[in-house]
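Fold and contact review
Chain by chain, the residues:
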Amino acid sequence: MRKLKSPKQRNLWFERLMAITATVNLGLVLFDMSYVQWRDFYYRRIPQITYIYDPIKGIEPHRDTKKYLETVTELEQQISQTGLNSPEVKIKLEEMKRLSNEMIDSNPFVGAGKSGSLEKIKNRMREHIGQESAKRAFATFWSQMYLSEHGWIQEINFFNQQIRPAIATNYYRKIGENGEFLDNFWLIDLPFLIIFGLDLLGRTFYTKRQKPNLSWLEAILWRWYDLFLLIPFWRWLRILPVLVRLDQAKFISLHLVRRQIHQGIVANFAEEITEIVVVRVINQVQGSIQRGEITRWLLQPEKERSYIDINNINEVEAIAGLLVQTIVNQVLPKIQPEINAILRHNIETAFQQVPLYRNLLMLPGAKEAQIQLSEQLATQITTNLYIALVSAIKDPVAAKLSSQLLEKFTTVFNSELQQKHVLREIQSLLNDFLEEVKINYVQRLSQEDIDQIIEQTRQMRSLRP
């Protein structure tokens, strides 16, 4: 049985089709933008292109230079029929002299921006004839005497190889009613604009359906880069959505490019953002200290504080109680041997400092007794301390006494802090401390090697499963 393609596969094929379409359109745009500059090349190498595309750009043969070349062709035919010295040929040669003078005087190349071609023609003719004047050089060249002496075949071959191509590439470009050169590329571009417009419209409806909280404008801007495909001017900007579409269609990979762009943006703004954010936070804290808001909040009774409690639990007290229970019940029993060793060492050191005790150590068996006594004292101290801590947690009376002690400590501490000179000094010290943080640390933070930080972040992401 034939397998049905998954929606993801169908979407990939659609993305590839649209990417190919956008790439073809971009190729036509770039060809159109470069056509005038490259027309001479196309005319000489691939003349079929100029026959097709010249009307699109409003280009047609210039009537003066076209007439000049047609007259040369007529001259060639006349010579082949009646010979070089016939009266009919003499008339044609006089006409060629007249047309050459008109071409030099009127410069029909200027309209196409090809005045350099006329100078090239004049220089080649002067060098070929050996005359300093281009008009006299052309007059000499188009004379029966000169052509007879130097050979008609040889001279007409020189003209067709060196002069005719430069004249033939000249053209006249029509001007529209807006004063600009006529350009009908929009006729080629219009079908693509319709396709891209329908594609953007469909994607906008899809985005709006998937994310109903977005406005229609936000849904359109969700793929803002596709708007460049619909702009009839600055068409070269279409290279951006084309690259994005080629990446989405998996024809190319822009991962490295995106990473470098992101790194460049972050590197340019990270230093300024870091300074702004940190300094702003410190300034807000300093303002709160200077206005006395922090000290008033700390000294204010807990019931009077404007604080929103979402679970009727004092999280700080709960966390502190949990930590104390963990330390007493789990941590202290496991580190009791190490605590005993520290106490035993301190007890032995204390005994060593007593002169009478040092004399007693000289008695037989005194050293062993001292060691046993130190171990018993250390064990007894740690055991009693552990029992006291456990009873303080489990015994309601001990817990109540501890609570009373903490409450009394807090009351006395707050009372002493409320002395004006103490508050002023604390506020001044805190303000000065934060000012020193801004001066000594914020500037150093902003001067960190941003590229190194970004590289470290990238390494951390690569280690994630």
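Since the structure is predicted, the reported quantities are computational estimates derived from the model, not experimental observations.

Notes on unusual backbone geometry
Even without being glycine, Asn107 reaches a positive phi, approximately 50 degrees. Not every positive phi belongs to a glycine, and Trp234 is a case in point at roughly 50 degrees. Looking at where Trp234 falls in the secondary structure, it is placed in the loop between α10 (216–221) and α11 (239–248).

A short note on helix α5 (residues 115–129)
With 15 residues, α5 should reach 21 Å at 1.5 Å per residue; the first-to-last C-alpha distance of 22 Å fits that figure. Tucked inside the fold, the buried residues of α5 contact α4 (87–106), α6 (134–141), α7 (144–150) and α8 (152–168). Gly130 lies just past α5 and shows a positive phi near 90 degrees.

Focus on the nonpolar core
Within the largest apolar cluster, 32 residues are counted, with the highest numbers of intra-cluster contacts made by Tyr68, Trp142, Phe159 and Ile167. Where this core is concerned, the elements lending two or more residues are α3 (63–82), α4, α5, α6, α7 and α8. Broken down by element, the residue count for this core peaks at 8 residues, all from α8. The contact partners of Ile167, leaving out residues within four places of it in the chain, are Thr65, Tyr68, Leu69, Met103, Phe109, Ile121 and Phe159.

Section: the packing of α5 against α8
When two helices pack together, their arrangement is given by the angle between the helix axes and the distance between those axes. Across the interface, α5 lies against α8 with an axial gap of 9 Å and an inter-helix angle of 165 degrees. Compared by their axis directions, α5 and α8 come out roughly antiparallel. Crossing hand, α5 versus α8: right-handed. Note on element contacts: α8 touches α5 through Glu155, Phe158, Gln162, Ile163, Ala166 and Ile167, opposite Ser117, Ile121, Arg124, Met125 and His128. When its residues are assigned to classes, the contact of α5 with α8 shows 6 nonpolar, 3 polar and 2 charged.

A closer look at the UniProt feature "transmembrane region" (unreviewed entry) in the chain
Sequence positions flagged by UniProt for "transmembrane region" (unreviewed entry) are, in local numbering, residues 12–31. Between the first and last C-alpha atoms of residues 12–31 the distance is 28 Å; the span itself is 100% helix and 0% strand.

Definitions and limits used
Residues numbered from 1 in each chain as written. Predicted model: local features only at pLDDT ≥ 70, side-chain atom pairs only at ≥ 80, totals over all residues. Heavy atoms only, no water. Helix = DSSP H or I, 4+ residues; strand = E, 2+ residues; numbered from the N terminus. Expected span 1.5 Å × (residues − 1). Contact = heavy atoms within 4.5 Å. Core = buried A, V, L, I, M, F, W, Y, C linked by side-chain atoms within 4.5 Å. Buried < 20%, exposed > 50% of the residue type's maximum accessible area, 1.4 Å probe, protein only. Axes fitted to C-alpha atoms, helices over the stretch in contact; angles between N-to-C directions. Parallel < 35°, antiparallel > 145°, perpendicular 65-115°, else oblique. Left-handed = near helix turned anticlockwise from the far one by under 90°. Nonpolar A, V, L, I, M, F, W, Y, C, P; charged D, E, K, R; others polar. UniProt positions renumbered as here; feature names shortened; annotations may be inferred.

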